[in-house]
Each structure stands twice: as C-alpha cells, then as structure tokens.
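# Topology and contacts: notes
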Amino acid sequence: MTKERYIGRFAPSPSGLLHFGSLLSATVSYLDAKNKNGLWKLRIDDIDEERSKPQNTIEIINQLKAYGLFPDEIYHQSEHIKDYESYLNKIPKSLLYLCKCNRKRIQSLPQSKLGNIYDGICRDLDHNSGSTRVRSMNMSKKFYDLNFGETQINDEEIYDFIIKRKDSFAYQFCCVIDDFLQGVTNVTRGSDLLYSTLQQRFIQKLLNLPELDYFHHPVLVIDSKKISKSEDATPVKKENRLKNMIKILTLLNQTLPSQKLSYDELIKHAIQNWESKDIPKVMNISIS
Ligand SMILES: [Zn+2]
C-alpha cells in the first residue's frame with residue numbers, strides 16, 4: 001500500500017499583512033509539510049470582498065517568500081464560489097433550513113466552544129430567505145488531534161450551524177471544500193480553530209469527502225505589559241527574518257543549530273530537525 005503524499009496548507013486572510021503570530025502559524029505548517037517531503041499550499045481567504053485587499057495578497061506572498069516559505073500552489077477562495085454552490089447542492093435538502101434570526105438574538109444565546117448555541121427556533125418554520133443552517137444532531141462530539149490528543153465537546157454544545165449567509169458562504173463550509181479541492185491531507189493551524197474541526201468533519205461526512213489529519217499548534221498571545229497592541233499587529237519585515245525565525249523556533253521548542261548559519265541554512269536545518277511532538281501542548285504561548 002502506498003501512502004498518499006502529505007499536502008499541507010496555510011490560509012491567511014488578506015484583511016491585513018502577516019504579523020509575528022501569523023508567521024509562526026505559516027512556519028509550523030511549512031516545516032511540518034517539508035519535513036515529510038510534502039507540498040505546502042497557500043490559500044488566500046479572500047471571500048470577504050469588503051475586508052480583502054488585493055494589494056495585501058501580493059504583499060503576503062512576498063512576505064512568505066522573503067522568509068523562505070515558498071508555496072507550491074496559490075489558491076484564491078474568491079475564484080471558487082461556483083464550487084461552493086455545487087457542493088452545497090449535494091447536501092440533502094432535508095438537512096438544511098433557512099434561519100432569519102438576527103445577530104443580536106444569536107449573541108444573547110449561551111456560548112459553547114463552537115460559538116453561541118443556536119436554539120433551532122427556525123427549524124420548522126419554512127422561511128424562504130435567510131441564512132442556511134445544517135441540522136447537526138448527528139455530529140460527532142470528538143476527534144483526535146495530533147497535538148492535543150482526544151478533543152471533545154458536550155452534547156449540549158452541538159447546534160445547527162450556518163454554512164451560508166444570505167450572500168456569502170460561511171468559513172466552515174468553504175474550508176472543507178477548499179481542503180478537498182487542494183488535495184490537502186494534513187491541516188496544521190492555530191488552536192483557536194481546534195473545535196471547529198468537529199463542524200468541518202461533519203460537513204466532510206455529509207459530502208463523502210475524505211477525513212484529514214489535524215494538528216493544532218498553540219496560538220501566540222502577546223503579553224500586553226511588554227508588547228503593545230500596535231506592535232503586535234506590525235507586519236513582519238525581511239530585515240528581521242533571522243531574529244524572528246530563531247524566536248519562532250524557540251517558542252516551538254525546536255532544536256536550534258549549534259553554530260551560526262545563514263538564513264537559508266537555518267530553514268534547511270529547521271526542516272531536517274523538525275519535531276512536531278516537541279511543540280508545547282498548551283492552548284496559548286506568550287512572548288516573554
Ligand atoms: Zn433562526
């Protein structure tokens with residue numbers, strides 16, 4: 001039996017440029033893919049036209065290349081609206097319904113690890129417009145994460161979630177279709193998306209798409225006493241790449257080279273010595 005080739009991805013949104021935290025995320029997915037002789041694909045999360053700036057897309061790609069992270073494919077969500085439509089049509093109509101509840105009402109509902117727990121009041125109202133929700137009572141409550149291990153939610157945290165708003169597709173839905181269309185085998189991303197994996201797996205199952213492996217890394221939090229918020233969002237620059245990459249590898253508990261290396265040699269060393277099992281198993285890490 002031949003094992004399929006590892007295909008990983010990084011999916012930034014062009015609402016802003018890459019800052020230190022997003023660079024850390026890009027680095028984890030890149031090193032994990034390259035260590036396993038895999039492909040690393042870039043997905044530009046530009047479906048939200050209002051927030052996405054085309055100039056940012058160009059600059060994000062330049063930032064990644066400046067840091068030695070060269071994508072094997074560049075995919076734009078905005079070019080796949082027809083695909084989202086066609087996959088939505090493959091979900092049995094009996095599992096979908098329209099919801100007209102406004103944001104204010106939803107936000108007043110109790111919170112779970114997946115968001116506000118929708119109470120299903122539109123389930124049998126047969127609205128003819130609104131957001132599309134999927135009946136989720138058969139959703140699995142647990143999955144195995146390659147970093148955090150067995151990950152679970154409670155029964156009462158499951159709710160019918162939105163897969164399409166009035167005029168745009170929801171993140172959870174696009175993400176599943178994109179992963180499939182890009183041939184992704186391994187999803188490596190921040191722990192802020194850990195529990196959304198359950199909703200994504202549920203959509204995969206409904207559409208008979210292959211299950212993927214998930215690895216969530218701890219999200220970087222900035223100690224507000226030491227680094228101001230404005231600095232936190234500062235785009236990473238090429239001039240600081242050696243210092244920034246050493247800082248990232250240190251935060252990820254990776255082995256640093258014993259002698260001084262050039263930047264390209266440092267990346268090579270990081271790929272060869274990559275140990276995903278050494279990454280901290282806490283939800284957040286902070287810069288000290
Ligand atoms: Zn509703």
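Residues numbered from 1 in each chain as written. Predicted model: local features only at pLDDT ≥ 70, side-chain atom pairs only at ≥ 80, totals over all residues. Heavy atoms only, no water.

## Section: the sheet that holds strand β1 (residues 7-10)
Put simply, the rule reads: Any two strands with at least two DSSP bridges between them are considered paired. Secondary structure elements follow DSSP: runs of H or I no shorter than four residues count as helices, runs of E no shorter than two count as strands, and numbering proceeds from the N terminus. Here an axis means a line fitted to C-alpha atoms, over the contact stretch when the element is a helix, while the angle between two N-to-C directions is reported on a 0 to 180 degree scale. Note on definitions: a residue-residue contact is assigned when non-hydrogen atoms from the two residues lie within 4.5 Å.
The 3 strands lie next to each other as β1-β2-β3, forming an open sheet whose pairing is parallel. Of all strands in the sheet, those with a lone pairing partner are β1 and β3 (73-76), marking the two edges. Each strand of the sheet is rotated relative to its neighbour by a mean of 30°, with strand direction disregarded. Across 4 bridges, β1 lies against strand β2 (residues 39-44) in parallel orientation. Residue pairing for β2: Gly8 is matched across the bridge by Trp40. Together, β1 and β2 form the strand contacts of helix α1 (residues 20-35), whose direction differs from that of β2 by roughly 145°. Running over the sheet, helix α2 (residues 54-66) touches β1, β2 and β3 and is turned about 155° from β2.

## Considerations on the packing of helix α5 (residues 171-181) against helix α6 (residues 196-206)
Under the convention used in this document: Should an angle fall under 35 degrees it is taken as roughly parallel, and over 145 as roughly antiparallel, whereas 65 to 115 is taken as roughly perpendicular and any remaining angle as oblique. By the definition used in this description, the sense in which the near helix is turned from the far one sets the handedness, with an anticlockwise turn below a right angle giving left-handed and a clockwise turn giving right-handed. Residues were grouped as follows: Ala, Val, Leu, Ile, Met, Phe, Trp, Tyr, Cys and Pro as nonpolar; Asp, Glu, Lys and Arg as charged; and all remaining residues, including Gly, as polar.
In the contact formed by α5 and α6, the axes pass within 9 Å of each other and the chain directions differ by 60°. Judged on the interaxial angle alone, α6 and α5 are oblique. The way α5 lies across α6 gives a crossing that is right-handed. In this structure, α5 uses Tyr171, Gln172, Phe173, Cys175 and Val176 to contact α6, whose residues at the interface are Ser196, Gln199, Gln200, Ile203 and Gln204. Partitioning the contact of α5 with α6 into residue classes produces 5 nonpolar, 5 polar and no charged.

Worth remembering: the numbers are spatial, not functional.
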